[in-house]
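Coordinate analysis (summary)
Chain by chain, the residues run as shown.
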Amino acid sequence: MRKLLLATAAVLALGMATQAEAAPQLSARILEDGALVSGSATSSSTGTLFFSGQSTNFSVLSALSLGSPMVPQPALDVQTTSVSTTRNFSGTHTLTFLVTQTGLDSSSAGAPLAALASSFTANFLIGTAAVRSVTVASYADAANTAFGTSQLLASRTYTSGPTNASGALVSNPTLDGSLFSETVVITATFTGGNAVLNASAQIVAVPEPASLALLGMGLLGMGLVRRRKQG
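Residues numbered from 1 in each chain as written. Predicted model: local features only at pLDDT ≥ 70, side-chain atom pairs only at ≥ 80, totals over all residues. Heavy atoms only, no water.

**A word on the overall build of the chain**
A tally of helices and strands in the chain yields two helices and 14 strands. Taking contacts inside the chain between residues at least 6 apart in sequence as the whole, the part at least 24 apart equals 71%. Here the chain displays about 11,900 Å² of accessible surface, and carbon together with sulfur accounts for 59% of that area. (Helix = DSSP H or I, 4+ residues; strand = E, 2+ residues; numbered from the N terminus. Contact = heavy atoms within 4.5 Å. Areas by Shrake-Rupley, 256 points an atom, 1.4 Å probe, with all protein chains shown as cover.)

So, in structure tokens, the structure goes:
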């Protein structure tokens, strides 16, 4: 019985170690009006992911996502290039990009000395009047779910102008588990053809100034104590 329990414990430990050491996975997909664009769903564990799509109303020449190990955890970089309408149409149509990175170590974000910062851009290149809005949002999911949106990190909506930039938007997600996921969602709504835009989003870990100040004071105090002992 004892041998059986030990064997079971060993198997469980091996499974947990495998999960903890699993390489982060990038996955992406494109939706038009809520329906998956054929051929746009893809994934990679190399840290680099190119994806594109062609639908009835839209053409995405190229989209790039960078994650771990190409960039340090938990950074996630999503860039779209030349998202354009392929024909004139009446009414509205929406194109949505979803990029997720799973298997991230929560010790690199959400800890006392770290937070997550998101930054967004949206460039209305051609046919600004045919672009109703572009919304860029970032999410974290403590359950490590692909495309999980349980915790909103930041969101911005742009409705006009050739260039839009959010600056750094800092948030502190609650990450209780050992692994978590990040997701970026870019949604563009069009009211007609002959429009071109691109958008980008980044998520990076940043130290909190207050925590850094406390850490600095602690290190200074330790240095003074050590100096007094040496004296």
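**Observations concerning the confidence of the model for the chain**
Of all residues in the chain, 77% attain a pLDDT of 70 or more, and the chain-wide mean is 83. Confidence drops under a pLDDT of 50 for residues 1-20, and excluding neighbours within four residues, the segment shows two contacts in the predicted structure. A low-confidence stretch, residues 210-219 stays under pLDDT 50, and its non-local contacts, those more than four residues away or across chains, total four contacts. (pLDDT = per-residue confidence, 0-100.)

**Structural notes on the pairing of strand β8 (residues 115-126)**
Remember that side chains alternate between the two faces of the sheet whenever the strand is regular. Both β8 and strand β14 (residues 196-206) contribute to a ladder of eleven bridges, which runs antiparallel. Considered in β14, the bridge of S118 is made with I203. Bridge count for β8 against strand β12 (residues 169-171) is three bridges, and the pairing is antiparallel. The partner of S118 across the bridge, within β12, is L169. Where β8 lies against strand β11 (residues 163-165), three bridges are found, and the strand directions are antiparallel. Bridge pairing links A122 to N164 in β11. (Pairing = 2+ DSSP bridges.)

**Concerning the packing of aromatic side chains**
According to the stated counting rule, one finds two aromatic pairs in the structure shown. Aromatic side chains F58 and F190 sit 4.9 Å apart centroid to centroid with 55° between the ring planes, which places their arrangement in the tilted category. Of this pair, F58 sits in strand β5 (residues 58-66) while F190 sits in strand β13 (residues 179-190), and the two are 132 residues apart along the sequence. An identical accessibility class is assigned to F58 and F190; each is buried. (Phe/Tyr/Trp six-rings, centres within 6.5 Å; stacked < 30°, edge-to-face > 60°. Buried < 20%, exposed > 50% of the residue type's maximum accessible area, 1.4 Å probe, protein only.)

**Details of the side chain of N164**
As for its placement among the helices and strands, N164 is situated in strand β11. The buried category is assigned to N164, whose relative accessible area is 12%. Among the polar contacts made by the side chain of N164, one reaches the main-chain carbonyl oxygen of A122 at a distance of 2.9 Å. One polar contact links the side chain of N164 to the main-chain carbonyl oxygen of S160, over a distance of 3.4 Å. Ignoring anything within four residues of it in the chain, the contact list for N164 reads F120, T121, A122, N123, F124 and Y158. (Polar contact = N/O pair within 3.5 Å; in protein donor to acceptor, adjacent residues only side chain to side chain.)

**Re unusual backbone geometry**
P69 follows S68 through a cis peptide bond whose omega is 10°. Relative to the assigned elements, P69 resides in the loop between β5 and β6 (76-85). In this structure, P74 follows Q73 across a cis peptide bond, with omega equal to 0°. For P74, the location among the structural elements is in the loop between β5 and β6.

**What about the nonpolar core?**
Counting 42 residues, the largest nonpolar core has F51, F97, V134, I186 and F190 as the members making the most contacts within it. The leading source of residues in this core is β13, at five residues. Membership of the second largest hydrophobic core comes to six residues, among which are L98, A137, Y139 and V185. (Core = buried A, V, L, I, M, F, W, Y, C linked by side-chain atoms within 4.5 Å.)

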